[in-house]
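Below, each chain spelled out in residue letters.
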Amino acid sequence: MTISHVWRGDFDDAALDELHAEGFGHQPGRTAWRARLERHSLGWVCAYEGDRLVGFVNVIWDGGAHAFVLDTVVAPGSRSRGVGAALVEAAAEGSRAAGCEWLHVDFEEHLRPFYFDACGFRETAAGLIAL
């Protein structure tokens, strides 16, 4: 079946909560995703296989030139099919259309090949403080 990627796509909070929990290895909660995204995000991309949510990425921003990729997740049964890279590509297109000049991402080391090779990010110096 074909997978579609939709900028600011519609989703059910429970379906996104389940996908996020499955992808990041935690128990599903009762996150009010729609309210959170509407308040803090430039946009997001939903990947659908038919009407089933199989992928998601959130794009936050500084209100200007910089957008940031967060929470890229693909359902286990849909991985290794280019879904994640297409999510990031759609996130870049949506960010560019909004006037952003830079798309940032941080990630765990094991995701380096995905973000650098599959998505085209390049390495930069960055910093992080655990809070």
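Structure: see above.
This text gives an overview of the structure that appears in the document.

Examining the nonpolar core
Turning to step 1, where the next piece is worked out: Among the nonpolar cores identified, the biggest contains 31 residues, and Phe-11, Leu-16, Leu-19, Cys-46, Leu-53, Phe-56 and Leu-87 are the most heavily contacted of them.
Turning to step 2, where the next piece is worked out: Broken down by secondary-structure element, the contributors of at least two residues to this core are helix H1 (13-24), helix H2 (33-40), strand S2 (41-49), strand S3 (52-61), strand S4 (66-74), helix H3 (83-97) and helix H4 (112-118).
Turning to step 3, where the next piece is worked out: Sorting elements by how many residues they give to this core places S2 first, with six residues.
Turning to step 4, where the next piece is worked out: Residues contacting Leu-87, with those up to four places away along its chain left out, are His-5, Val-45, Cys-46, Ala-47, Gly-55, Phe-56, Val-57, Val-73 and Val-74.

Let's talk about the pattern of salt bridges
Turning to step 1, where the next piece is worked out: Following the criterion strictly, the structure yields six salt bridges and no others.
Turning to step 2, where the next piece is worked out: The residue Arg-81 makes a salt bridge to Glu-49 at a minimum N-O spacing of 3.2 Å. Here Arg-81, found in the loop between S4 and H3, pairs with Glu-49, found in strand S2; they are 32 residues apart in sequence, far enough to count as distant.
Turning to step 3, where the next piece is worked out: For Arg-81, a relative accessible area of 42% gives the class partly exposed.
Turning to step 4, where the next piece is worked out: A salt bridge links Arg-112 to Glu-109; its shortest N-O distance comes to 2.9 Å.

Comments concerning the environment of Ala-98
Turning to step 1, where the next piece is worked out: Along the chain, the position of Ala-98 falls in the loop between H3 and strand S5 (102-104).
Turning to step 2, where the next piece is worked out: Spatially, the C-alpha atom of Ala-98 lies 9.5 Å from that of Gly-43, the residues being 55 residues apart in sequence.
Turning to step 3, where the next piece is worked out: Setting aside residues no more than four positions away along its own chain, Ala-98 makes contact with Leu-42 and Trp-61.

Thresholds applied
- Residues numbered from 1 in each chain as written.
- Predicted model: local features only at pLDDT ≥ 70, side-chain atom pairs only at ≥ 80, totals over all residues.
- Heavy atoms only, no water.
- Core = buried A, V, L, I, M, F, W, Y, C linked by side-chain atoms within 4.5 Å.
- Buried < 20%, exposed > 50% of the residue type's maximum accessible area, 1.4 Å probe, protein only.
- Helix = DSSP H or I, 4+ residues; strand = E, 2+ residues; numbered from the N terminus.
- Contact = heavy atoms within 4.5 Å.
- Salt bridge = Lys/Arg side-chain N within 4 Å of Asp/Glu carboxyl O.

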